Amino acid sequence: MNEIRVNRKAADRVASGHPWIFTSDIIDRDGAQPGAAVKVTDPHGRALGTAHYSSTSQIAVRMLSRQVEAIDRDFYLGRLRRAEEHRRTVVRDSNAYRVVHGEGDLLPGLVVDRYGDYLVLQTLDQAMDAAKAEIISCLEEIFEPRGIVTRNDVAVRQKENLPLESAVVSGEVPESVEIRMNGLTLRADLLHGQKTGIFLDQRENYRAAAAYGRGGKALDCFTSTGGFALRLAGTCESVEAVDSSATALATARANAAANGIGNVEFREADVFDLLAGYSSARRQFSMVVLDPPAFAKSRRAIEGAANGYKEINLRAMRLLGRGGILVSCSCSHHMSEAMLLEVVAEAALDANRTLRVLERRTQSQDHPILLTVPETLYLKCLILEVV
């Protein structure tokens, strides 16, 4: 292995439990090749462990182990087995879940999602991409899947000088895969659907929100393929589910039909415009769910994102009377829970509403959060009541 020597700042970061070393913190690359496994040392040559090296990303080194060890098939097989063992303890009532959550499973740059008998793989940095064949071999040994898809069509790969592509790399994968989640039968498009097929990180929040249904009418904004709406259908009199994507809504309608759910009305519309119109018309709902796409994809976008979150929460609150439930989510990593709480509080004051916090939630447990790696926590879900 080549030996990458880093400065004291980077060595201290590794000692604090964070796996990232930036290109500006590297003293000597020792001829390391793109996508190689490397030994990492501090300024005095003391070993910090073993890592993956990237030649183009600002995150040049991602730590894999605090030991100097071979990063080979046995290494990946062990880490993947431990990741799956964790899912056996935390996943309930679903055969679709995240098997590997990058840094959260000590495999930075790797995402693996399971959809029943099928797997979806994302290799997001040069080294994980170079190890793709070994990783696929390990997944075949552990899961014996009927098919494996790579969904390497995400923009972050451009920072690694990697092509954007999606493909079936093992077995055969149908156009639509049937999975079970929270007692429902759903369809997932593994090659073209959102994320790696459908949203898996809100699975536990779907159940939590449904517990506050209490009858009445619910409005599910940014419904995508119907995650919140289909669960709320069981505890609400009726649900209106809104999204701007006709393709996502077609899947949502098919999911509703497959489960015999008839009290959800799906509507194609811009959510901001729809909320403004409903507010002007003095429409009222017993529950409003806000699950928008990430408004802040970088630190520079925080101010604009905060304004967007405030505005959408303000418009939603105007549709809720006393006892109404607001479920407000953010999947923007750069928008912390504290910031989201502040933005929602400001919106509540402007809407002349007093809110009680019922639950403060995060992503489902198959998307593990490492205490020393704040980037592994990205999803915030607030369940609030108007008092």
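Before reading on, note that the structure itself is shown above.
Residues numbered from 1 in each chain as written. Predicted model: local features only at pLDDT ≥ 70, side-chain atom pairs only at ≥ 80, totals over all residues. Heavy atoms only, no water.

Notes on the overall build of the chain
Each helix and strand in the chain was counted, giving 10 helices and 20 strands. Against the 2.2 N^0.38 benchmark of 21 Å for 387 residues, the chain shows a C-alpha radius of gyration of 22 Å, consistent with a compact globule. Taken along the three principal axes of its C-alpha coordinates, the chain extends 65 × 45 × 35 Å. Looking at the chain as a whole, 54% of its 387 residues are labelled buried. (Helix = DSSP H or I, 4+ residues; strand = E, 2+ residues; numbered from the N terminus. Rg over C-alpha atoms; globule rule 2.2 N^0.38 Å. Buried < 20%, exposed > 50% of the residue type's maximum accessible area, 1.4 Å probe, protein only.)

Remarks on the side chain of aspartate 201
With respect to the helices, strands and loops of the structure, aspartate 201 is situated in the loop between strand E13 (184-188) and helix H5 (203-210). Buried charged residue aspartate 201 carries no salt bridge. Nearest counter-charge: lysine 195, at 5.4 Å. Not counting residues up to four positions away in its chain, the partners in contact with aspartate 201 are Gln363, Ser364, His367, Tyr378 and Leu379. (Lys, Arg positive; Asp, Glu negative; His and termini not counted. Salt bridge = Lys/Arg side-chain N within 4 Å of Asp/Glu carboxyl O. Contact = heavy atoms within 4.5 Å.)

Side note on the pairing of strand E6 (residues 59-65)
Among the 7 residues of E6, 7 are classified as buried, and the element is accordingly described as predominantly covered. Alignment of strand E2 (residues 20-22) against E6, held across 3 bridges, turns out to be antiparallel. The residue bridging phenylalanine 22 from the neighbouring strand is isoleucine 59, located in E6. Between the end of strand E5 (residues 47-53) and the start of E6, which pair antiparallel, lie 5 residues. (Pairing = 2+ DSSP bridges.)

Let's talk about the sheet that holds strand E9 (residues 118-123)
Read from one edge of the open sheet, 5 strands run E7-E8-E9-E10-E11, paired in mixed fashion. Each having just a single partner strand, strand E7 (96-101) and strand E11 (165-171) make up the two edges of the open sheet. With strand direction ignored, the average angle separating the axes of adjacent strands in the sheet is 20°. In the packing of helix H4 (residues 132-143) onto the sheet, contacts are made with E7, strand E8 (110-115), E9, strand E10 (147-152) and E11, and the angle to E9 comes to roughly 155°. (Axes fitted to C-alpha atoms, helices over the stretch in contact; angles between N-to-C directions.)

Observations regarding the pairing of strand E12 (residues 177-181)
Alternating residues of E12 divide into Val177, Ile179 and Met181, all buried, and Glu178 and Arg180, none buried. With 5 bridges connecting them, E12 and E13 associate as antiparallel partners. Bridge pairing links glutamate 178 to arginine 187 in E13. In textbook terms, the turn of a hairpin is the stretch between consecutive antiparallel strands, and for E12 and E13 this stretch comprises 2 residues, one of which, asparagine 182, has a positive phi near 55°.

Some words on unusual backbone geometry
Within the chain, asparagine 182 stands out as a residue other than glycine whose phi angle is a positive 55°. Here asparagine 182 is to be found in the loop between E12 and E13. A positive phi angle, close to 55°, is found at serine 224, a residue other than glycine. Checked against the element boundaries, serine 224 lands in the loop between strand E14 (217-221) and helix H6 (227-232).

Focus on the side chain of serine 332
Topologically, serine 332 is positioned in the loop between strand E18 (320-330) and helix H10 (337-350). The exposure class of serine 332 is buried, given its relative accessible area of 0%. A distance of 2.9 Å separates polar atoms of two side chains, one belonging to serine 332 and the other to tyrosine 309. (Polar contact = N/O pair within 3.5 Å; in protein donor to acceptor, adjacent residues only side chain to side chain.)

A closer look at the packing of helix H8 (residues 271-280) against helix H9 (residues 302-317)
Across the interface, H8 lies against H9 with an axial gap of 9 Å and an inter-helix angle of 35°. When you trace H8 past H9, the crossing you get is left-handed. Seen from H8, the contacting residues are Val271, Phe272, Asp273, Leu275 and Ala276; seen from H9, they are Gly308, Glu311, Ile312, Arg315 and Ala316. (Left-handed = near helix turned anticlockwise from the far one by under 90°.)

A closer look at the nonpolar core
Among the nonpolar cores identified, the biggest contains 42 residues, and Tyr115, Leu190 and Val327 are the most heavily contacted of them. With residues near it in sequence (within four places) discarded, valine 327 still touches Ala209, Phe228, Val288, Val289, Leu290, Cys381, Leu382 and Ile383. Core analysis: the next-biggest nonpolar cluster, separate from the first, contains 32 residues, Cys221, Leu274, Ala306 and Leu314 among them. (Core = buried A, V, L, I, M, F, W, Y, C linked by side-chain atoms within 4.5 Å.)

What about the sheet that holds strand E1 (residues 3-6)?
The 6 strands lie next to each other as E2-E6-E5-E4-E1-E3, forming an open sheet whose pairing is mixed. Among the strands making up the open sheet, the edge pair consists of E2 and strand E3 (26-28). On average, each strand axis in the sheet is tilted by 40° relative to the strand beside it, whichever way the strands run. In the sheet, strand E4 (residues 37-41) pairs with E5 via 5 bridges, with the strands oriented antiparallel. In the sheet register, alanine 37 faces E5, and the bridge partner there is histidine 52. Here helix H1 (residues 8-15) sits on the sheet in contact with E1, E2, E5 and E6, set at roughly 170° to E2.

Quick look at the pattern of salt bridges
In the structure shown here, the tally under the stated rule is 31 salt bridges. With a shortest N-O distance of 3.0 Å, arginine 81 and glutamate 141 are connected by a salt bridge. Highlighted residues: arginine 81 in helix H2 (residues 73-90) and glutamate 141 in helix H4, separated in sequence by 60 residues. Exposure remark for arginine 81: the relative accessible area of 35% places this residue in the partly exposed category. On the basis of relative accessibility, which here comes to 38%, the residue glutamate 141 falls in the partly exposed class. A salt bridge links lysine 132 to aspartate 129; its shortest N-O distance comes to 3.8 Å. A relative accessible area of 18% means that lysine 132 is categorised as buried.

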